[in-house]
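# Summary of the model geometry
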Amino acid sequence: MDQTTIKELSYFLEQSPTSFHTVQNITDILLKERYTELQENQRWRIKKGGRYFVARNGSSIIAFTVPENGITSMHIMASHSDSPAFKIKENPELESGGQYIRLNVERYGGMLCAPWLDRPLSVAGRIIVKDGDHGYISKLVNVDRDLVLIPNLAIHMNREANSGYKYNIQKDMLPLYGNLTAKDTFMKTIADSASVNEGDILGHDLFLYNREKASVWGASNEFISCGRLDDLQCVFASLKGFLAGASPSAAPMPVLCVLDNEETGSATKQGAASTFLYDTLTRIHDNLGYDREDYLVHLADSFMISADNAHAVHPNHPDKSDPSNRPYLNGGIVLKFNANQKYCTDAVSAAMFRDMCRRANVPVQTFTNRSDMAGGSTLGNISNTQVALNTVDIGLPQLAMHSPYETAGIADTEALIKVSEIFFTASM
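Structural notes, computed from the coordinates. Because the structure is predicted, anything quoted here is derived from the model rather than measured.

On to helix 5 (residues 229-245). Taking 1.5 Å as the rise per residue, helix 5 with 17 residues should run 24 Å; its terminal C-alpha atoms sit 23 Å apart, in good agreement. The buried count for helix 5 comes to 14 of 17 residues, which makes it a mostly enclosed element.

Following this line, the structure appears as structure tokens:
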């Protein structure tokens, strides 16, 4: 993998502690590439050959390039901006023992709890402040220092810790913020970080995040570890491919889609189960003078790649993987299958994607769960309830999924960038 791409991926991961920051980073990149921002609460003026993007909730974003010769079909690549984390509750400060101040948190998504302990953490997200008499402004927040930590209970006080432990979120996972002198200072810390007055904050969506930087390691520097690889590794690779491949001369209309709340089921106004993608695609068609039937005809000839990371075979637990479908780090992009339709991949979409990989000269692996183990789901089949089209579920292989410090292969990112570029450039 090119060293520049490794540095760009590491930087993107480190600068995206929450879905709000992820979308802002994508926005900044698109604006630099001369994409025009559209607003959902304004009328659109879209032209053939134009490049546009629209965001919803500050945490989901869709970018597209309109073909100069008009729309005949669409190539859509979707990934998600969120990762499991601990969300800061309202009235977050809790006293403990008359000496400590902790922060009250709740679980967002299904994370591995143990790796959050005993490591430097901080807080990031967004706050809402009043803008004049009628409006509101969303401001990003990142307290860019080691701010809190969730301390483990010493082995002397929990002799069975190494025999397995069931974590209680309300008891075991509350971060230590400071001594009693820190009382009533947390929201001021947030306000100072956003350069606003504490009293002006009317709402917040704040999360803990791991402060450790991305690390490239291994005997040949073949691995990368960082927080939020699921799913920002796919977000980054698809964005790179989109910028390289999407052009007004492309035959299918290239559409990059990054959606929030996949980790909690996608059932939000900005998730895959929402109307965001449908609304965007139909508004594009309306602006260009197409009617409802034109949209449905174009959709029937379209294709979606749902890109969400996949489980690699674990070196210490190879028995947890399927006997014959066994993806490995740096082994290539993973095609994901599930008989009960947790994944959208079928014979048709698998064949089309394999052909794309062949053209890109990148390897393909396959993933299925063991038949006696339940797996997760992703955004492809959920998105299809709103925008139904041929869809393949793929991902990049990784270890320690839903840990605050995950591990993936260096070469696999480059593979997805190559396939994404071909996908956004060519007909299928």
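Next, the rest of the story.
Moving on, we come to helix 7 (residues 292-300). The complete set of buried residues in helix 7 reads Tyr-295, His-298 and Leu-299. Within helix 7, the buried residues cover an arc of 100° as seen down the axis, which keeps them to one side. Opposite the buried face of helix 7, at more than 90 degrees from it, the exposed residues are Glu-293 and Ala-300. Here the buried face of helix 7 lies against strand 4 (74-80) and helix 6 (276-287). Capping the start of helix 7, Asp-291 holds a side-chain oxygen 3.1 Å from the backbone nitrogen of Glu-293, two or three residues further along.

Contact geometry for helix 8 (residues 347-360) and helix 10 (residues 410-425): axes closest at 9 Å, N-to-C directions at 110°. As summarised for this structure, helix 8 and helix 10 are arranged roughly perpendicular, according to the angle between their axes. Two secondary-structure elements touch here, helix 8 through Phe-353, Met-356, Cys-357, Arg-359 and Ala-360 and helix 10 through Lys-418, Val-419, Ile-422 and Phe-423.

In space, the nine strands of this open sheet follow the order 1-2-3-13-4-14-18-16-17, with mixed pairing throughout. With one partner strand each, in any of the chains shown, strand 1 (36-38) and strand 17 (364-367) form the two edges of the open sheet. Between one strand axis and the next, the sheet turns by 25° as a mean value, whatever way the strands run. As judged from the two bridges shared by strand 16 (residues 333-336) and strand 18 (residues 390-395), these two strands associate in the antiparallel manner. Its bridge partner lying in strand 18, Leu-335 is registered against Ile-394.

What follows is about the packing of aromatic side chains. Here the structure, examined in full by the defined rule, presents twelve aromatic pairs. When the ring of Tyr-278 is compared with that of Tyr-295, the centres are 6.0 Å apart and the planes differ by 80°; the resulting orientation is edge-to-face. Of this pair, Tyr-278 sits in helix 6 while Tyr-295 sits in helix 7, and the two are 17 residues apart along the sequence. An aromatic cluster is built from Tyr-35, Phe-242, Phe-303, Phe-423 and Phe-424, whose rings are joined through pairwise contacts. Taking the ring centre of Phe-207 as reference, the NZ or CZ of Lys-87 above it sits at 5.7 Å. It is Arg-283 that lies over the ring of Trp-44; its NZ or CZ is 4.1 Å from the centre.

Space inside the largest pocket adds up to approximately 570 Å³. Considering the residues around the largest pocket, the lining is formed by 18 residues, among which Ala-55, Arg-56, Asn-57, Gly-58 and Ser-138 are closest to the centre. Of all the secondary structure elements, the ones that give two or more residues to the lining of the largest pocket are helix 2 (19-32), strand 1, strand 2 (51-56), strand 7 (121-131) and strand 8 (135-142). Counting residues per element, the lining of the largest pocket draws most heavily on helix 2, at four residues. A class-by-class count of the residues in the lining of the largest pocket yields six nonpolar, seven polar and five charged.

Thresholds applied
- Residues numbered from 1 in each chain as written.
- Predicted model: local features only at pLDDT ≥ 70, side-chain atom pairs only at ≥ 80, totals over all residues.
- Heavy atoms only, no water.
- Helix = DSSP H or I, 4+ residues; strand = E, 2+ residues; numbered from the N terminus.
- Expected span 1.5 Å × (residues − 1).
- Buried < 20%, exposed > 50% of the residue type's maximum accessible area, 1.4 Å probe, protein only.
- Arc of directions from axis to C-beta.
- Contact = heavy atoms within 4.5 Å.
- Polar contact = N/O pair within 3.5 Å; in protein donor to acceptor, adjacent residues only side chain to side chain.
- Axes fitted to C-alpha atoms, helices over the stretch in contact; angles between N-to-C directions.
- Parallel < 35°, antiparallel > 145°, perpendicular 65-115°, else oblique.
- Pairing = 2+ DSSP bridges.
- Phe/Tyr/Trp six-rings, centres within 6.5 Å; stacked < 30°, edge-to-face > 60°.
- Lys NZ or Arg CZ within 6 Å of the ring centre and 35° of its normal.
- 1 Å grid on protein atoms, 1.4 Å probe; cavity = no way out; pocket = protein on both sides within 12 Å on 5 of 7 lines; lining within 4 Å.
- Points joined across faces, edges and corners; volume = space filled by probe spheres on them.
- Nonpolar A, V, L, I, M, F, W, Y, C, P; charged D, E, K, R; others polar.

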